[in-house]
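Spelled out from the first residue to the last, the chains are:
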Amino acid sequence: MNQNTDNQNGLNNNSNSIRPEYLSKNIQNICCIGAGYVGGPTCAVIAYKCPDIQVNVVDLSQERINAWNSDNIPIYEPGLSEIVMERRGKNLHFSTKIDECIEKADIIFISVNTPTKTYGVGLGRAPDLTYVESAARTISKVAKTSKIIVEKSTVPVKAAESIINMLKSNQKPDVEFQVLSNPEFLAEGTAISDLLNPDRILIGGEDTDKGQWAIEQLSKVYQHWVDRSIIITTNTWSSELSKLAANAMLAQRISSINSISAICESSGADIQHVSKAIGADSRIGSKFLQASVGFGGSCFQKDINNLIYLCENLNLKEVADYWSQVILINDYQKKRFVNKIIKSLFNTCTNKKIAIFGFAFKKNTGDTRESASIHICKYLLDEGANLNILDPKVDYDQMMFELSNPQLNLPIDVIKNKVQLFSDDVIEACRNSHALVVCTEWDNFKSYDYEKIYEVMQKPAHIFDGRLILDHERLMSYGFHVEAIGKRLNHD
Ligand SMILES: NC(=O)C1=CN([C@@H]2O[C@H](COP(=O)(O)OP(=O)(O)OC[C@H]3O[C@@H](n4cnc5c(N)ncnc54)[C@H](O)[C@@H]3O)[C@@H](O)[C@H]2O)C=CC1
Ligand SMILES: O=C(O)[C@H]1O[C@H](OP(=O)(O)OP(=O)(O)OC[C@H]2O[C@@H](n3ccc(=O)[nH]c3=O)[C@H](O)[C@@H]2O)[C@H](O)[C@@H](O)[C@@H]1O
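Residues numbered from 1 in each chain as written. Chains lettered and ligands numbered in written order. Predicted model: local features only at pLDDT ≥ 70, side-chain atom pairs only at ≥ 80, totals over all residues. Heavy atoms only, no water.

The name recorded for the protein in an unreviewed UniProt entry is UDP-glucose 6-dehydrogenase, from Brachionus calyciflorus. On record in UniProt, under Sequence similarities (unreviewed entry), the comment for the protein is "Belongs to the UDP-glucose/GDP-mannose dehydrogenase family." Under the UniProt heading Pathway (unreviewed entry), the entry covering the protein gives this text: "Nucleotide-sugar biosynthesis; UDP-alpha-D-glucuronate biosynthesis; UDP-alpha-D-glucuronate from UDP-alpha-D-glucose: step 1/1." (UniProt positions renumbered as here; feature names shortened; annotations may be inferred.)

J.: Is there a simple way to explain the overall build of the protein in this structure?
T.: When helices and strands are tallied, the protein shows 19 helices and 14 strands. Relative to a compact globule of 492 residues, whose C-alpha radius of gyration would be 23 Å, the protein shows 24 Å and is just as compact. Its C-alpha atoms put the protein at 80 × 50 × 45 Å along the principal axes. Sequence-distant contacts in the protein: of pairs separated by 6 or more residues, those separated by 24 or more amount to 76%. Accessible surface for the protein amounts to roughly 21600 Å². Of this, 49% is attributable to carbon and sulfur atoms. For the protein, the distance from the average position of its 52 positive side-chain charges to the average position of its 59 negative side-chain charges is 1 Å. (Helix = DSSP H or I, 4+ residues; strand = E, 2+ residues; numbered from the N terminus. Rg over C-alpha atoms; globule rule 2.2 N^0.38 Å. Contact = heavy atoms within 4.5 Å. Areas by Shrake-Rupley, 256 points an atom, 1.4 Å probe, with all protein chains shown as cover. Lys, Arg positive; Asp, Glu negative; His and termini not counted. Charge placed at Lys NZ, Arg CZ, Asp CG, Glu CD.)

J.: Is there a simple way to think about the site of ligand 2 in this case?
T.: Close to ligand 2 lie 20 residues, the nearest being Phe185, Leu186, Ser292, Cys299 and Arg467. Here asparagine 247 contributes a side-chain N or O atom positioned 2.8 Å from an oxygen atom of ligand 2. Between phenylalanine 361 and ligand 2, the recorded distance is 2.8 Å, taken from a backbone N or O atom to an oxygen atom. Look at ligand 2: alone it shows 700 Å² of surface, and the protein chains cover 90% of it. (Near = heavy atom within 4 Å. Polar contact = N/O pair within 3.5 Å; in protein donor to acceptor, adjacent residues only side chain to side chain.)

J.: Is there a simple way to explain the site of ligand 1 in this structure?
T.: In the vicinity of ligand 1 lie 26 residues, with Asp59, Arg64, Thr114, Ser134 and Lys302 positioned nearest. Here an oxygen atom of ligand 1 and a side-chain polar atom of arginine 64 are 2.8 Å apart. Note that an oxygen atom of ligand 1 is positioned 2.5 Å from one of the side-chain N or O atoms of threonine 114. In isolation ligand 1 has 840 Å² of accessible area, and contact with the protein removes 92% of it. Tallying contributions element by element places helix α6 (residues 130–142) first for the shell around ligand 1, with three residues. Looking at the shell around ligand 1, its residues break down into ten nonpolar, nine polar and seven charged. (Nonpolar A, V, L, I, M, F, W, Y, C, P; charged D, E, K, R; others polar.)

J.: What's the story with the environment of glycine 486 in this structure? I'm lost.
T.: With respect to the helices and strands, glycine 486 occurs in the segment after β14 (481–484). The sequence separation of glycine 486 and arginine 137 amounts to 349 residues, and the corresponding C-alpha distance is 50 Å. Beyond its immediate sequence surroundings of up to four residues, glycine 486 is in contact with Ser261, Cys264, Glu265, Ala269, Asp270 and Ile271.

J.: Whenever I open this one, the pattern of salt bridges confuses me. Can you help?
T.: Between side chains of opposite charge, a pair can form when the charged atoms approach closely. A full pass over the atoms with the stated rule returns 22 salt bridges. A salt bridge links glutamate 100 to lysine 104; the shortest N-O distance between them is 4.0 Å. Highlighted residues: glutamate 100 and lysine 104, both in helix α5 (residues 98–104), separated by four residues, approximately one helical turn. Residue lysine 378 pairs with aspartate 382 through a salt bridge whose shortest N-O separation is 2.7 Å. Of the two residues, lysine 378 and aspartate 382 both sit in helix α14 (residues 372–382), four residues apart, roughly one turn of that helix. (Salt bridge = Lys/Arg side-chain N within 4 Å of Asp/Glu carboxyl O.)

J.: What am I meant to see in the side chain of asparagine 306 here?
T.: By secondary structure assignment, the location of asparagine 306 is in helix α12 (residues 300–313). When its relative accessible area of 3% is taken as the criterion, asparagine 306 is described as buried. In contact with asparagine 306, not counting residues within four places along its chain, are Arg125, Pro127, Val155, Pro156 and Leu244. (Buried < 20%, exposed > 50% of the residue type's maximum accessible area, 1.4 Å probe, protein only.)

J.: What is the right way to look at the UniProt feature "domain: UDP-glucose/GDP-mannose dehydrogenase C-terminal" (unreviewed entry) in the protein in this model?
T.: According to UniProt, the feature "domain: UDP-glucose/GDP-mannose dehydrogenase C-terminal" (unreviewed entry) maps to residues 355–472 in the numbering used here. End-to-end, the C-alpha atoms of residues 355–472 are 17 Å apart, and along that stretch the chain is 33% helix and 17% strand.

J.: What am I meant to see in the pairing of strand β10 (residues 386–390) here?
T.: Each regular strand shows side chains that alternate between the opposite faces of the sheet. Counted residue by residue, β10 has four buried out of five residues, so it is predominantly covered. Sheet topology places strand β9 (residues 353–357) next to β10; five bridges connect them, and they run parallel. The partner of isoleucine 356 across the bridge, within β10, is isoleucine 389. As a crossover connection, the stretch from β9 through α14 into β10 is right-handed. (Pairing = 2+ DSSP bridges. Right-handed = clockwise from strand over helix to strand, strands pointing away.)

J.: What exactly am I supposed to notice about helix α10 (residues 236–267) here?
T.: Residue pairs spaced three or four apart in an α-helix point in one direction, given the helix's 3.6 residues per turn. With 32 residues, α10 extends 47 Å from end C-alpha to end C-alpha; this agrees with the ideal 46 Å at 1.5 Å per step. For α10, the N-terminal capping position is held by asparagine 235, with its side-chain oxygen 3.2 Å away from the main-chain nitrogen of tryptophan 237. Directly beyond the C-terminal end of α10, a positive phi value near 95° is found at glycine 268. (Expected span 1.5 Å × (residues − 1).)

J.: Honestly, the packing of helix α2 (residues 39–49) against helix α4 (residues 80–87) in this entry has me stumped. Any pointers?
T.: For any two helices packed against each other, one specifies the crossing angle of their axes together with the interaxial distance. The N-to-C vectors of α2 and α4 enclose an angle of 50°; their axes lie 9 Å apart at closest approach. Judged on the interaxial angle alone, α4 and α2 are oblique. Both α2 and α4 take part in a crossing whose hand is left-handed. Mapping the contact onto sequence places Pro41, Ala44, Val45, Ala47 and Tyr48 in α2 and Leu80, Ile83, Val84, Glu86 and Arg87 in α4. A class-by-class count of the residues in the contact of α2 with α4 yields eight nonpolar, no polar and two charged. (Axes fitted to C-alpha atoms, helices over the stretch in contact; angles between N-to-C directions. Parallel < 35°, antiparallel > 145°, perpendicular 65-115°, else oblique. Left-handed = near helix turned anticlockwise from the far one by under 90°.)

Structure, rendered in structure tokens:
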């Protein structure tokens, strides 16, 4: 830890150099570095709710910025496009003019990616802070006036301390930076409603007058639409740790219910009945008890690994082992599901056609990062299957990008020859297939004409419901052999 710290969260406090007008003036201009799944929707909502504030979202990727400025914005989120179209060009702007927008801003959000490291120290565990560092260095190089810098990205505990040190590297005289932690809790697919009606806003800052002023300035932005009573303020370390802990605990609930789903399949209990019974206890609550083929998404695994790395560095081996289990059970669930498929298909998938319903990591998003579907597809391709993937929001390039990830070790000709993507033609996707595997819980999958689908499939026709969204009794009445996560179905 920095020996020169003089306050409770480790950030240097040089209160004499502060210029009061900088912290007391109204926030008129916000710059967000990173136009991704967090930066885009968050800033769209700020611009929508704060018409008096100019919001500039900047990114290194010209392609991404062009997409934000087009009719076909780069992220699918219910309600997002409408808000962007309403505010864009008025007080919401997307550009690659990073330096210019930093210079104009009173508050700068850092919303860049923080993936797990794929090299060097902390490989596979620690977050790669290259992008955060480069954003901080740009700010310190460019800023000619004082700024409030907000960590929106999910970062390791004590990242604010590192950011302040990077900012100092080129800091000009009379320029002061306050770094706040303001983690984002939105979930993809519901980003806009989560942003409009958050459970809470968390802001961590220095426990000094300047830190508290900065917290108040950011609070005032949120108070355009959020009640002060749900804005939680704390020190930066607690705020950073709360974000990692919240994601770890959400993922832990999914692994917990998925571990129970394995017991259900072996014992004859029904996971949906068990979830309902458990969730009825108000102390436990009913959310995040949906057994599935495993959690995906860019953050749960990354953030748990981040927490594990922290524990290892703090010599808390038992705690690290505890959280590792959440990931192990998630991997086990995906593998277990595929083994069930292979076993039901008479232990061979070679050249069998399998329709995969869903490639996104959850419904209502086109995001495929760490989707369980990718791993299901990989294991089935390893077994020699041909795959027809059906997803309403994933395009071919995105699917190819995921499946050709070197870590999956799938030869490119196998992917090209054995995988096809369909966006909506379910009958063609299922024609002559031996099995249909539900990996994502898209609502439209529930309303398909399964009697017709049964007709075009090879017999026996199998359905594997990895999301528990289908009417299993009805499917069996059409003649399907049905298997589902967390329950045994009667095939007599
Ligand atoms: N995706 C999600 O739902 C959530 C993500 N988070 C966290 O938010 C952070 C961002 O996540 P996403 O938005 O999903 O990432 P993303 O990958 O969609 O977007 C990040 C963007 O930052 C840009 N970028 C990187 N370095 C830059 C630089 N120096 N200057 C300008 N632009 C730069 C990239 O080009 C990219 O467009 C991560 O730390 C993540 O853990 C937190 C809550 C929800
Ligand atoms: O830091 C982040 O990135 C975000 O991570 C998650 O949001 P997200 O990953 O977008 O979506 P979730 O709804 O949490 O779903 C994650 C995965 O768990 C799966 N899941 C979710 C709930 C459930 O009961 N069962 C289940 O298998 C989903 O299908 C999905 O694959 C958290 O819910 C957000 O609060 C957080 O801000």
